[in-house]
Amino acid sequence: MNPPLQQDATLLTRWNALAARIDQATEAAGRPQGSVRLLAVSKTFDAQAVAQVHANGQQAFGENYIQEGVQKIAELKHLRANLEWHCIGPVQSNKTRQVAEWFDWVQTIDRLKVAQRLNDQRPEGLPALNVCIQVNVDRGLNKSGVAVEQAHELAHEVLAMPRLRLRGLMCIPDPVDGFELQCERFERAHAIYRQWQTLADTVDTLSMGMSGDLEAAVASGSTMVRVGSALFGSRAAA
Ligand SMILES: *Cc1c(COP(=O)(O)O)cnc(C)c1O
């Protein structure tokens, strides 16, 4: 029984350190404590690791690969009521049904067709699916996310869909060195987020910041940081 106990201690230590790091960034930004949520990104780590982090008090978990996520959600069915599952990976049209049926949130909506399918496929017995629109704030050429110019139109379209609840926007800027440069991209997302907050009072989430740049994200108004490796450890190369 020693190895699992040791692993639990490591995860607890990292989770506490991460919570302190987020609190510190929040304070440095002059923002109220508790205004930044942690999404624990559990991709490539097993259901056991999720259960251990959940036992420390963590509720929200993010998965990139839909199949892998669905498997974990099923495996942890006994904890379902206390877990909040976020899909944070690309969603192809042929995967929307699984996302609509299994997840609580999807943060990667970047086109109308996917939004429409999710709206149509969200089961009646479940609350509306929480969604963030992924915006390509640094105009990376081959990357997901709707272009800044088209983001507002998509937000309005999502707002009209009864089985989706627009919560805000998500972005993954390419990694850059330096706090100022990191903030510059995050501020672009923040400006769009502020506009969307005037559209609907469901809009309360600006999902940005990861293990390497969460301080800049929090300084720029992030309300949800998505952290994997700083919590679960480094991932095996894909
Ligand atoms: C993997 C991933 C994360 C977490 O990245 P880390 O650098 O491990 O913290 C956050 N967001 C998305 C969309 C990811 O794919």
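Higher on the page you've got the structure.
Residues numbered from 1 in each chain as written. Predicted model: local features only at pLDDT ≥ 70, side-chain atom pairs only at ≥ 80, totals over all residues. Heavy atoms only, no water.

Novice: Please explain the pairing of strand β2 (residues 60-63) as it appears in this structure.
Specialist: One face of the sheet, then the other: side chains in a regular strand alternate in exactly this way. Along β2, one buried face is formed by A60 and G62 and the opposite face, lined by F61 and E63, is buried too. As paired elements, strand β1 (residues 37-41) and β2 share two bridges and run parallel to each other. Opposite A40, over in β2, you have F61 as the bridge partner. Handedness of the crossover is the feature at issue here: the chain leaves β1, passes through helix α2 (residues 47-55), returns alongside β2, and the resulting connection is right-handed. Alignment of β2 against strand β3 (residues 84-87), held across four bridges, turns out to be parallel. The residue of β3 that forms the bridge with F61 is W85. (Buried < 20%, exposed > 50% of the residue type's maximum accessible area, 1.4 Å probe, protein only. Helix = DSSP H or I, 4+ residues; strand = E, 2+ residues; numbered from the N terminus. Pairing = 2+ DSSP bridges. Right-handed = clockwise from strand over helix to strand, strands pointing away.)

Novice: I keep staring at the pairing of β3 and nothing clicks. Help me out?
Specialist: Residues of β3 alternate between two faces, with E84 and H86 on one and W85 and C87 on the opposite face, all of them buried. Note on the crossover from β2 through helix α3 (residues 66-75) to β3: the handedness is right-handed. In terms of strand pairing, β3 meets strand β4 (residues 105-109) through two bridges, oriented parallel. Each residue of the ladder has a partner; that of C87, found in β4, is V106.

Novice: What am I meant to see in the pattern of salt bridges here?
Specialist: Opposite charge on two side chains permits pairing when their charged atoms draw close. Scanning the entire structure with this criterion turns up 13 salt bridges. Two residues, D110 and R111, come together in a salt bridge whose shortest N-O distance is 3.2 Å. One salt bridge in this structure joins E184 and R188, with 3.7 Å as the shortest N-O distance. Of this pair, E184 and R188 both sit in helix α7 (residues 179-197), four residues apart, which is roughly one turn of that helix. (Salt bridge = Lys/Arg side-chain N within 4 Å of Asp/Glu carboxyl O.)

Novice: Before we go on, may I ask you to explain the layout of surface pockets in this structure?
Specialist: To find leftover empty space, one rolls a probe the size of a water molecule over the atoms. Roughly 570 Å³ of volume is contained in the largest pocket. Contributing to the lining of the largest pocket are 30 residues, with K43, I172, P173, M210 and R226 lying nearest its centre. Going through the elements one at a time, α7 and β9 (224-227) are the ones with two or more residues in the lining of the largest pocket. Per element, the largest residue contribution to the lining of the largest pocket is three residues, and it comes from α7. Taken together, the residues of the lining of the largest pocket sort by class into 12 nonpolar, 11 polar and seven charged. (1 Å grid on protein atoms, 1.4 Å probe; cavity = no way out; pocket = protein on both sides within 12 Å on 5 of 7 lines; lining within 4 Å. Points joined across faces, edges and corners; volume = space filled by probe spheres on them. Nonpolar A, V, L, I, M, F, W, Y, C, P; charged D, E, K, R; others polar.)

Novice: Teacher, can you tell me more about the packing of aromatic side chains here?
Specialist: Two aromatic rings, taken as a pair, are described by how far apart their centres are and by the angle between their planes. Tallied over the entire structure, the rule returns two aromatic pairs. A centroid spacing of 5.2 Å and a plane angle of 20° characterise the contact between F45 and F232, whose relative ring orientation is stacked. One end of the pair, F45, is in the loop between β1 and α2; the other, F232, is in helix α9 (residues 229-232), and 187 residues separate them in sequence. With respect to class, F45 is no different from F232; both count as buried. Ring centres 5.9 Å apart and planes at 40° place the aromatic pair F61 and W85 in the tilted group. Remark: W85 occurs in strand β3 and F61 occurs in strand β2; sequence separation between them is 24 residues. (Phe/Tyr/Trp six-rings, centres within 6.5 Å; stacked < 30°, edge-to-face > 60°.)

Novice: Explanation requested: the packing of helix α6 (residues 148-159) against α7 in the structure shown.
Specialist: Their axes nearest at 11 Å, the elements α6 and α7 cross at an angle of 20°. Between α6 and α7, the interaxial angle falls into the category roughly parallel. For the crossing formed where α6 meets α7, the hand is right-handed. Facing α6, whose interface residues are V148, A151, H152 and A155, α7 presents I192, Q195 and W196. Considered class by class, the residues forming the contact of α6 with α7 number five nonpolar, two polar and no charged. (Axes fitted to C-alpha atoms, helices over the stretch in contact; angles between N-to-C directions. Parallel < 35°, antiparallel > 145°, perpendicular 65-115°, else oblique. Left-handed = near helix turned anticlockwise from the far one by under 90°. Contact = heavy atoms within 4.5 Å.)

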